[in-house]
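# Analysis of the macromolecular model
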Amino acid sequence: QSASEDEIEEWQPESKAPKRQQKAQPSEKKPAVKRQAKPKEPKESKPKAPRKPVERKPRAPRAPKEPKPPKEPKPPKEPKPPKAPRRLSFIVPDGSCNDNMSRAGGGWSEGPSSSNQPYGVKKEEPEEDFTFDEPSLKRQKTSSAPQGRPTRLPTSGRALGEDLNMNWDLIQLLSERTGVEQWVCLNISQLFREENTIPFIVRYRKEMINHMDADAVRDVQLVALTKKTQTISQALKKEGVLTAELEQALRNCRTADELDHVYAPYKKGSKLSKARRAKQLGLESAAQALLQSPHTLDLRAWVKPGTEGLSTVEEVSTGVEQILADMIELSPSLPLCLPHYVQYCVPHSICSPSPIIVSAKPVMFSLQTLAINRGENLKILTVKVNIPDRVKSDFCRWCVNVRWRPKGYAREELMKILRDAVEDSYKRLLLPLLSRSYRTKLTVSAEKESIAMFVRNLRQRLLVCPVRGRVIMGVDPGFRHGCKLAILSPTSQILYTDVVYLHGSGANREADKLRHLMIRYSCNTVVIGNGTACRETEAFFADLISRRFFQPLDVSYCITSEAGASIYSVSPEAVKEMPDLDPNLRSAVSIGRRVQDPLAELVKIDPKHIGIGTYQHDVSQSSLKAALDGVVQECVSFVGVDINICSETLMRHVAGLNTGRAKSIAEWRETNGPFMNRDQLRLVKGLGPKSYQQCAGFIRINPQNHLNNHSDAAGGNLAQAAQEKPAAKGKGKTKASAAVPTLPNPLDQTCIHPESYAVARSFLSLVGGSVDQMGRPELRQCVEASVKCQGLEALAETLNTTPDTLQLIIDGLTQPPGFDIRQDFEKADFKRGIVSMSDLREGVVLTGRVENATLFGAFVDIGVGRNGLIHKKYITPDKLPADQRRRSLALGPGEKVEVRVLNVDPQRGRIGLDLIRVLR
């Protein structure tokens with residue numbers, strides 16, 4: 001016991017203990033630190049001195065200050081840096097562990113007074129402004145809100161946690177995991193509980209989320225762990241094995257790994273655990289006696305000859321040991337604190353079945369983690385997490401001397417049982433949990449970064465600026481089966497389809513046919529898919545253009561990705577849309593429409609088939625699908641859809657709508673004619689108040705688009721149908737009971753939500769404008785003058801609204817008719833000539849377009865048939881615009897860049913590039 005007193009002192013953290021001594025005895029601070037650095041050597045000389053402090057445990061660490069002079073001649077042994085991390089053992093970096101342990105009734109506070117000192121927090125290195133490998137935190141400064149204050153909801157985080165029946169604060173946990181302020185997490189959680197969609201929250205509830213973007217909001221979602229915990233608790237209660245201790249252990253779990261670890265012994269089909277067998281023999285009270293009153297425990301009294309497990313003292317000791325090991329494992333403090341220590345000291349080790357040594361680095365990149373997981377799944381690699389032996393030794397010493405120290409004198413045989421129980425608990429129960437949780441942490445982080453990269457690439461691909469007002473020829477290139485082509489009108493209607501053979505003996509005849517078709521339909525734009533025979537087809541058109549073969553037309557062409565076109569061509573949606581067309585010709589139609597309106601065409605294809613992700617089959621498919629569906633919904637909603645001309649496929653991706661509601665809207669439109677205003681959406685079957693609130697702001701109703709197809713009489717019939725059709729159903733309480741206006745509303749063409757129409761009209765009256773002036777320069781001048789004179793916040797206060805809502809109203813009123821947010825994004829590159837890979841030389845400066853972004857760099861199309869790679873080490877902050885330096889994925893598909901050729905390998909088809917700058 002006397003020797004253990006010194007070990008207790010050595011266990012304490014180095015960062016806080018000196019601060020406590022600095023006020024009382026600053027001169028003795030340094031010797032105290034030296035004494036802690038070398039605890040094992042003085043063990044032989046210290047058994048005598050520390051015996052006095054045994055009765056005064058709170059002052060035990062201060063008593064051994066007299067024998068300090070003999071240790072002064074050991075300064076050369078001070079430079080042992082490896083000892084510093086040792087004192088950080090089991091310290092939670094964010095400081096949350098101590099709070100949770102104190103709430104759970106266990107932890108470091110049960111030891112001597114020195115263990116009551118607050119534990120130190122590991123100082124982190126200052127973050128760089130640009131991190132390519134790690135996603136940036138989503139923390140937003142409260143002071144940056146226009147109001148300068150947070151907007152809070154009445155519900156508290158603790159109330160949400162109590163509703164979910166957990167022992168931890170849900171909002172605090174979300175804030176810790178996402179880096180978002182707690183009041184923002186509280187608002188977002190409440191908004192999700194009210195079934196609000198992310199696009200609606202990001203656009204119309206900005207003040208409540210502190211101007212976070214959609215990706216950040218998506219990260220702050222209620223964890224599904226609570227539902228799993230409740231399900232397990234109910235199952236265990238039904239089986240009759242749910243005890244109060246086990247229920248508390250389940251509620252303390254914060255991760256799925258911890259939950260599975262606690263639940264594993266109770267799963268159906270699992271063997272009865274050693275601790276449960278010992279408890280059934282009645283040895284639990286003996287285990288409690290060893291900790292609470294060891295002087296009264298006599299193991300021989302528990303011996304029952306003839307009873308298996310109790311026939312000898314050794315069997316009784318083994319049963320007590322197994323119960324103690326189970327108690328240590330289920331302690332609420334250990335699963336919270338052990339992983340935080342291991343993350344600082346666990347090296348990565350990769351073991352191959354063959355005697356090949358694979359070097360490992362202290363920090364693993366996400367792509368390496370996913371690659372290792374794939375190799376393990378394919379039975380090519382064997383992966384093991386090596387935890388240093390010092391973790392076990394420090395852990396066992398702390399458990400025996402502090403956390404599970406008997407409350408009284410314990411004989412040597414009882415202390416041996418306790419030591420064996422601690423070692424058994426660590427080796428058999430805790431070590432697998434640590435390894436599993438560490439692997440899970442690496443995998444989750446890697447999957448998150450991979451999905452984030454996929455999401456960003458998809459967003460930029462969907463938001464490419466459409467090419468409007470052109471007749472386009474879409475070409476699906478091929479050799480043996482010919483090149484499939486489709487001529488599309490400016491509104492994407494199919495004008496002509498055919499198959500031409502450009503790479504055979506009849507190339508001249510096919511060229512004449514192409515010229516005839518292009519002149520006939522006034523087509524001067526060709527879109528070529530980047531599949532088989534792409535380069536040969538490009539060379540064919542480039543040659544004709546160089547010879548001015550298509551005069552008087554000025555023809556240009558571009559190359560676009562045809563990923564997913566073949567899959568779409570045989571899908572039910574393509575069959576429904578183009579029933580009389582051959583699947584090969586449908587691919588040509590899809591290729592042409594991808595340039596005319598990329599968003600409307602690409603939403604028809606599963607995002608995983610667009611070819612813009614890496615390791616997409618190695619990540620959680622449910623998480624990937626949810627993220628990709630979410631970004632498609634955001635893009636469609638933020639761009640907006642004209643409800644009278646958009647397809648049902650595009651409509652189902654609007655926030656608040658789904659397949660069934662989109663189908664109901666399309667049926668209503670076919671039966672009653674075009675919608676005249678947003679209010680008529682209330683008449684659609686299945687579209688309730690909540691769905692209407694979520695989708696109304698993203699739906700556009702432009703009278704100009706449907707007045708050309710419907711006369712005034714049709715509009716009158718529409719109004720009559722809107723009033724008579726519901727009445728014919730004979731339902732008393734239906735949507736038809738409310739009077740729905742049938743006249744067009746100019747505000748329905750804007751991004752202004754119907755809930756803000758009254759504020760918009762009041763603002764127009766305040767600035768002296770009218771609805772008929774929307775989008776005109778004179779109204780813009782009036783608005784700018786009023787805002788400059790009175791200020792945005794003062795105007796918002798006058799109108800009894802928020803500055804964010806008022807700014808959205810101003811944008812909607814001043815944007816020109818037909819405004820599209822995609823007009824500021826990149827467009828397709830059209831060209832008339834071709835450059836080959838043999839023309840490239842080192843040092844040549846070229847412009848290109850990013851085709852795909854990965855975790856190790858960006859692939860750029862420089863027009864030579866092969867994409868060049870800009871390695872991530874060449875993507876530095878000084879080469880990026882200021883608004884892109886905080887992004888973890890600095891470049892994305894569609895961005896124009898200026899690059900320098902570093903090396904060319906024609907045999908392997910590889911081109912190395914250096915980023916010069918991003919072109920805007």
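Report on the accompanying structure. (Residues numbered from 1 in each chain as written. Predicted model: local features only at pLDDT ≥ 70, side-chain atom pairs only at ≥ 80, totals over all residues. Heavy atoms only, no water.)

### Considerations on the overall build of the protein
Along its length, the protein carries 37 helices and 15 strands. Taken over 920 residues, the protein has a buried fraction of 50%. When contacts within the protein are restricted to residue pairs at least 6 apart in sequence, those whose partners lie at least 24 apart make up 72%. Carbon and sulfur atoms make up 51% of the accessible area of the protein, which amounts to about 45,000 Å² in all. (Helix = DSSP H or I, 4+ residues; strand = E, 2+ residues; numbered from the N terminus. Buried < 20%, exposed > 50% of the residue type's maximum accessible area, 1.4 Å probe, protein only. Contact = heavy atoms within 4.5 Å. Areas by Shrake-Rupley, 256 points an atom, 1.4 Å probe, with all protein chains shown as cover.)

### Regarding helix H17 (residues 313-329)
End to end, H17 covers 24 Å across 17 residues, agreeing with the expected 24 Å (1.5 Å per residue, within 8%). The element H17 is largely enclosed, with a buried count of 13 among its 17 residues. (Expected span 1.5 Å × (residues − 1).)

### Digging into the packing of aromatic side chains
Here the structure, examined in full by the defined rule, presents nine aromatic pairs. Centroid distance Phe540 to Phe541: 6.1 Å. Interplanar angle 85 degrees. Geometry classified as edge-to-face. Note on Phe540: relative accessible area 14%, which makes it buried. Residues Phe856 and Phe859 carry aromatic rings whose centres are separated by 6.1 Å and whose planes lie at 90 degrees to one another, so their mutual orientation is edge-to-face. In textbook terms, an aromatic cluster arises when at least three aromatic residues are bridged by ring pairs, as seen for Phe200, Tyr204, Phe638 and Phe698. (Phe/Tyr/Trp six-rings, centres within 6.5 Å; stacked < 30°, edge-to-face > 60°.)

### A few points about the pairing of strand S5 (residues 483-488)
Within S5, six of the six residues are buried, which leaves the element mostly enclosed by the surrounding structure. Neither face of S5 is open: one carries Cys483, Leu485 and Ile487, the other Lys484, Ala486 and Leu488, and all of them are buried. Pairing between strand S4 (residues 472-476) and S5: five bridges, direction antiparallel. The partner of Val475 across the bridge, within S5, is Leu485. (Pairing = 2+ DSSP bridges.)

### As for the sheet that holds strand S11 (residues 845-854)
A barrel is described by the order of its strands in space; here five strands give the closed sequence S11-S12-S13-S15-S14, paired in mixed fashion. Strand-to-strand twist across the sheet, computed as the mean angle between neighbouring axes with direction ignored, equals 50 degrees. Alignment of S11 against strand S14 (residues 896-905), held across five bridges, turns out to be antiparallel. Residue pairing in the sheet places Thr847 in a bridge with Glu898 of S14. (Axes fitted to C-alpha atoms, helices over the stretch in contact; angles between N-to-C directions.)

### Comments concerning unusual backbone geometry
Pro552 follows Gln551 through a cis peptide bond whose omega is 10 degrees. Turning to its location among the elements, Pro552 is positioned in the loop between helix H23 (534-546) and strand S8 (556-560). Despite not being glycine, His211 has its phi angle at roughly 65 degrees, a positive value. Relative to the helices and strands, His211 resides in the loop between helix H10 (206-209) and helix H11 (214-219).

### Looking at the pairing of strand S13 (residues 867-871)
What you see with S13 is a clean split: Gly868 and Ile870 sit on the buried side and Asn867, Leu869 and His871 on the side with no burial. Bridge analysis of strand S12 (residues 857-861) against S13 gives five bridges, and the strand direction is antiparallel. Within S13, the position partnered with Phe859 by the bridge is Leu869. What sits between S12 and S13 in their antiparallel hairpin is a turn of five residues, with Gly863 showing a positive phi close to 85 degrees. Bridge count for S13 against strand S15 (residues 910-918) is two bridges, and the pairing is parallel. Across the sheet, Leu869 pairs through a bridge with Gly912, a residue of S15.

### As for helix H22 (residues 507-520)
Here H22 is 14 residues long and its end C-alpha atoms lie 20 Å apart, about the 20 Å a rise of 1.5 Å per residue gives. Residues of H22 that are buried include every one of Ala507, Glu510, Ala511, Leu514, Leu517 and Met518, and no others. End-on, the buried residues of H22 take up no more than an arc of 125 degrees, which puts them together on one face. Opposite the packed face of H22, turned more than 90 degrees from it, sit the exposed residues Asn508, Arg509 and Arg520. The secondary structure elements touched by the buried residues of H22 are S4, S5, strand S6 (494-500), strand S7 (525-529) and H23. Two residues or fewer after H22 comes Ser522, characterised by a positive phi angle close to 55 degrees. (Arc of directions from axis to C-beta.)

### Some details on the pattern of salt bridges
All chains considered together, the criterion is met by 35 salt bridges. When the shortest N-O distance is used, the salt bridge between Arg251 and Glu247 registers 2.7 Å. Residue Arg251 and its partner Glu247 are located together in helix H13 (residues 244-252), separated by four residues, close to a single helical turn. For Glu247, a relative accessible area of 24% corresponds to the partly exposed category. Note that Arg678 and Asp748 form a salt bridge whose closest N and O atoms lie 3.9 Å from each other. (Salt bridge = Lys/Arg side-chain N within 4 Å of Asp/Glu carboxyl O.)

### Quick look at the sheet that holds S6
Spatially, the five strands line up as an open sheet ordered S6-S5-S4-S7-S8, and their pairing is mixed. If you trace the sheet from one side to the other, it starts and ends with S6 and S8, each paired once. Each adjacent strand pair in this sheet contributes to an overall mean axis angle of 20 degrees, direction not counted. Sheet strands touched by helix H26 (residues 583-596): S4, S5, S6, S7 and S8. Its angle to S5, the strand with the most contacts, is close to 50 degrees.

### A short note on the side chain of Asn677
Mapped onto the elements, Asn677 comes out in the loop between helix H30 (659-672) and helix H31 (689-696). Note on Asn677: relative accessible area 2%, which makes it buried. Within polar-contact distance, the side chain of Asn677 engages the backbone nitrogen of Asp679 at 3.2 Å. (Polar contact = N/O pair within 3.5 Å; in protein donor to acceptor, adjacent residues only side chain to side chain.)

### Here's the deal with the packing of helix H35 (residues 777-790) against helix H37 (residues 803-814)
Put simply, H35 and H37 touch, their axes get as near as 9 Å, and they point 155 degrees apart. Judged by the angle between their axes, H35 and H37 are roughly antiparallel. Crossing hand, H35 versus H37: left-handed. Here Leu779, Arg780, Val783 and Val787 of H35 lie close against H37, whose contacting residues are Ile810, Leu813 and Thr814. Of the residues assigned to the contact of H35 with H37, the class counts are five nonpolar, one polar and one charged. (Parallel < 35°, antiparallel > 145°, perpendicular 65-115°, else oblique. Left-handed = near helix turned anticlockwise from the far one by under 90°. Nonpolar A, V, L, I, M, F, W, Y, C, P; charged D, E, K, R; others polar.)

### Regarding the environment of Tyr521
Here Tyr521 lies in the loop between H22 and S7. Given a relative accessible area of 17%, Tyr521 falls into the buried group. Taking the C-alpha atoms as reference, Tyr521 lies 8.6 Å from Ser489; in sequence the two are 32 residues apart.

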